[in-house]
Amino acid sequence: MRSLPIILFGVGGVGRALLRQIVEQRSFHALQYGLRLELLAVCDSDGAVIEPSDGLDDVLIDEIIAAKEAGRRLAQHPAGGVQNDLYGIVDIAGRAGTVVVDCTATDATVPALLFARDQHYKIVLANKKPLTIDQEVYDRLTSAGVTNGSGMGDNGEGLAPVRQLSHSRWETTVGAGLPVIVTLNRLVSSGDEVKRITGTFSGTLGFVMTGLQEGKPFSAIVREAHRLGYTEPDPRDDLGGVDVARKALILARGLGWQLDLANVEVQGLYPADMDGLTVAEFMDALPRLDDHFQAQVAEAASTGKVLRFAAQVEDGVCRVGPTLVYGESPLGRLSGTDNLVEFTTRWYNPNPLVVQGRGAGTDATAAGVLSDIIELAYTA
Ligand SMILES: NC(=O)c1ccc[n+]([C@@H]2O[C@H](COP(=O)([O-])OP(=O)(O)OC[C@H]3O[C@@H](n4cnc5c(N)ncnc54)[C@H](OP(=O)(O)O)[C@@H]3O)[C@@H](O)[C@H]2O)c1
């Protein structure tokens, strides 16, 4: 049986689902791949449980899941301790072949991830932040080396503009468990020319746009989404579009484009002057936007189009916001909370290659992370 050592950052919804699936799938992974996933360390924001020699046993893993579900901290766990340095955790617990898995939502993991790569460890990210800060960090984490021969590889040699996929996976950063990044990478590596990527990457904003198309007032839809828990506690975190912008940036960088989050043109669903309001004031002020959206939907319909909150990556420009699409296009036919991505390429033209399905959910996301981990087990 081959051991696959793992260090996990983040034991929130996705991290806990991942731990659960690792335990549930033990016999499958043993039978199918001759693999045992061995957890060397599990970390939350200020604590960790570490077992660098034998890995955490399944009873301890179940205890950790239960403790975190109950809102406790790993620093308080009998087998745990305080940690304020993920870099140190990787240094102490890591060994050859380790996969470092980032299921946090912070860029505080970046120094530890870069250190892991320097140690030739592999990394799996559900966390978008490390890939959407500096281009240099993206390049080092993904080993993209996209500088026409002037980029430097691990061994100091110049890299051709070829994606190196042997050390990193970040499939769940865009579209959760949907195979979006792998599809993009396959198109790029085949030499196909990706002319345009258009997609919806937010179930919440999909819910809002579907409601508008059904003729409901914007204010009523946002209030309903808020009440149902579909939005963040402050709905502006969804309506502002920055999370979608991060996903668009990851796709654009996947095409080899060199750009930053600041270069992504973002048009949110509310005006900047509503930023200063409290959440309650914001909710009360929503009806002032109803006429605007009603007019936009009517204007779209008059030309056979519908309004979607979409990301568009085309001609060197990355744009996120309300977008008019033909009602008969895959994106136009979409309704509800699914994510959908259209890749229009030299070979997929005029009909695009389409990936569609549930784009969120802790179990589907954790399954995507687990799949990334298993794939890396077999790379050199
Ligand atoms: N949920 C989804 O459907 C979904 C889908 C696709 C991608 N994702 C991405 O997956 C990631 C995790 O999502 P989630 O829903 O599991 O988030 P979450 O429930 O908020 O969990 C985040 C975890 O990260 C830990 N953390 C925060 N700062 C840390 C630090 N400096 N060092 C170590 N751990 C730290 C938190 O620790 P504490 O427990 O101490 O607070 C918590 O355990 C996010 O980046 C999210 O965008 C989620």
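Please read all numbers here as calculations on a predicted model, not as lab measurements. (Residues numbered from 1 in each chain as written. Predicted model: local features only at pLDDT ≥ 70, side-chain atom pairs only at ≥ 80, totals over all residues. Heavy atoms only, no water.)

**Digging into the site of the ligand**
Alright, step 1. The environment of the ligand is made up of 23 residues, and the closest members are Val14, Ser45, Lys68, Thr104 and Gly361.
Alright, step 2. Within the side chain of lysine 68, one N or O atom sits 2.8 Å away from an oxygen atom of the ligand.
Alright, step 3. Between the ligand and threonine 104 there is a distance of 2.7 Å, counted from an oxygen atom to a backbone nitrogen or oxygen.
Alright, step 4. Listing elements by their share of the shell around the ligand, those giving two or more residues are α1 (13–24) and α15 (362–377).
Alright, step 5. Broken down by class, the residue content of the shell around the ligand amounts to 9 nonpolar, 11 polar and 3 charged. (Near = heavy atom within 4 Å. Polar contact = N/O pair within 3.5 Å; in protein donor to acceptor, adjacent residues only side chain to side chain. Helix = DSSP H or I, 4+ residues; strand = E, 2+ residues; numbered from the N terminus. Nonpolar A, V, L, I, M, F, W, Y, C, P; charged D, E, K, R; others polar.)

**Concerning the packing of helix α8 (residues 203–213) against helix α9 (residues 218–227)**
Alright, step 1. For the pair α8 and α9, the least separation of the axes is 9 Å and the interaxial angle reads 145 degrees. Considering only the axes of α8 and α9, their crossing is right-handed. Along its contact with α8, which presents Phe207, Val208, Gly211 and Leu212, the element α9 presents Phe218, Ile221, Glu224 and Ala225.
Alright, step 2. The residue makeup of the contact of α8 with α9, split by class, is 6 nonpolar, 1 polar and 1 charged. (Axes fitted to C-alpha atoms, helices over the stretch in contact; angles between N-to-C directions. Left-handed = near helix turned anticlockwise from the far one by under 90°. Contact = heavy atoms within 4.5 Å.)

**As for helix α3 (residues 58–69)**
Alright, step 1. For α3, which comprises 12 residues, the first-to-last C-alpha distance of 16 Å matches the rise-based estimate of 16 Å (1.5 Å per residue) to within 8%.
Alright, step 2. Of all the positions in α3, only Leu60, Ile61, Ile64, Ile65, Ala67 and Lys68 are classed as buried. One side of α3 carries all its buried residues, which in axial view fall inside an arc of 165 degrees.
Alright, step 3. In this structure, the buried residues of α3 make contact with α1, α2 (26–33), β2 (35–43) and β3 (47–50).
Alright, step 4. In this structure aspartate 57 caps α3, since a side-chain oxygen of it lies 3.1 Å from the backbone nitrogen of valine 59.
Alright, step 5. At the exit of α3 stands glycine 71, carrying a positive phi of roughly 85 degrees. (Expected span 1.5 Å × (residues − 1). Buried < 20%, exposed > 50% of the residue type's maximum accessible area, 1.4 Å probe, protein only. Arc of directions from axis to C-beta.)

**Quick look at the pattern of salt bridges**
Alright, step 1. Taken as a whole and assessed by the stated rule, the structure comprises 18 salt bridges.
Alright, step 2. With its nearest N and O atoms 3.0 Å apart, the salt bridge here joins aspartate 260 to arginine 253.
Alright, step 3. Of the charged contacts, one joins aspartate 273 and arginine 288 as a salt bridge, the two residues approaching to 2.9 Å between their closest N and O atoms. With aspartate 273 in the loop between β11 (265–266) and α12 (279–285) and arginine 288 in the loop between α12 and α13 (290–302), this pair connects stretches of sequence that are 15 residues apart.
Alright, step 4. What makes aspartate 273 exposed here is its relative accessible area of 55%.
Alright, step 5. A relative accessible area of 48% places arginine 288 in the partly exposed class.
Alright, step 6. Linked by salt bridges that have partners in common, Arg16, Arg20 and Glu69 make up one network. (Salt bridge = Lys/Arg side-chain N within 4 Å of Asp/Glu carboxyl O.)

**Overview of the pairing of strand β14 (residues 339–345)**
Alright, step 1. Of all 7 residues in β14, 7 are buried, a share of seventy percent or more.
Alright, step 2. For strand β10 (residues 194–200) and β14, the ladder comprises 6 bridges, and the chain directions are antiparallel. Opposite threonine 200, over in β14, you have leucine 340 as the bridge partner.
Alright, step 3. Two strands pair when backbone bridges link them, and β14 and strand β15 (residues 353–357) are joined in this way by 5 bridges, in the antiparallel orientation. From the neighbouring strand, glutamate 342 faces β15, where its bridge partner is valine 354. (Pairing = 2+ DSSP bridges.)

**Some words on the layout of surface pockets**
Gaps left between atoms show up when a probe the size of a water molecule is rolled over them.
Alright, step 1. If you add up the space inside the largest pocket, you get close to 1200 Å³.
Alright, step 2. What lines the largest pocket is a set of 43 residues, and nearest its centre among them are Lys128, Glu232, Asp243, Lys247 and Ala360.
Alright, step 3. Of all the secondary-structure elements, those providing two or more residues to the lining of the largest pocket are α1, α8, α10 (236–239), α11 (242–254) and α15.
Alright, step 4. The dominant element in the lining of the largest pocket, judged by the number of residues it contributes, is α11, at 5 residues.
Alright, step 5. Split into classes, the residues belonging to the lining of the largest pocket amount to 12 nonpolar, 20 polar and 11 charged. (1 Å grid on protein atoms, 1.4 Å probe; cavity = no way out; pocket = protein on both sides within 12 Å on 5 of 7 lines; lining within 4 Å. Points joined across faces, edges and corners; volume = space filled by probe spheres on them.)

**Section: the sheet that holds strand β1 (residues 2–9)**
Alright, step 1. With mixed pairing, the 7 strands of this open sheet are ordered in space as β4-β3-β2-β1-β5-β6-β9. Because the sheet does not close on itself, it has two edges, and the strands there are β4 (80–82) and β9 (168–169).
Alright, step 2. In this structure, β3 lies alongside β4, joined through 3 bridges in antiparallel fashion. Residue valine 49 lies in a different strand from β4, and its bridge partner there is glycine 80.
Alright, step 3. Each of β1, β5 (99–102), β6 (122–125) and β9 is contacted by helix α5 (residues 110–118), which is oriented at about 145 degrees to β6, the strand it contacts most.

Read these as layout, nothing more, since geometry by itself doesn't imply function.
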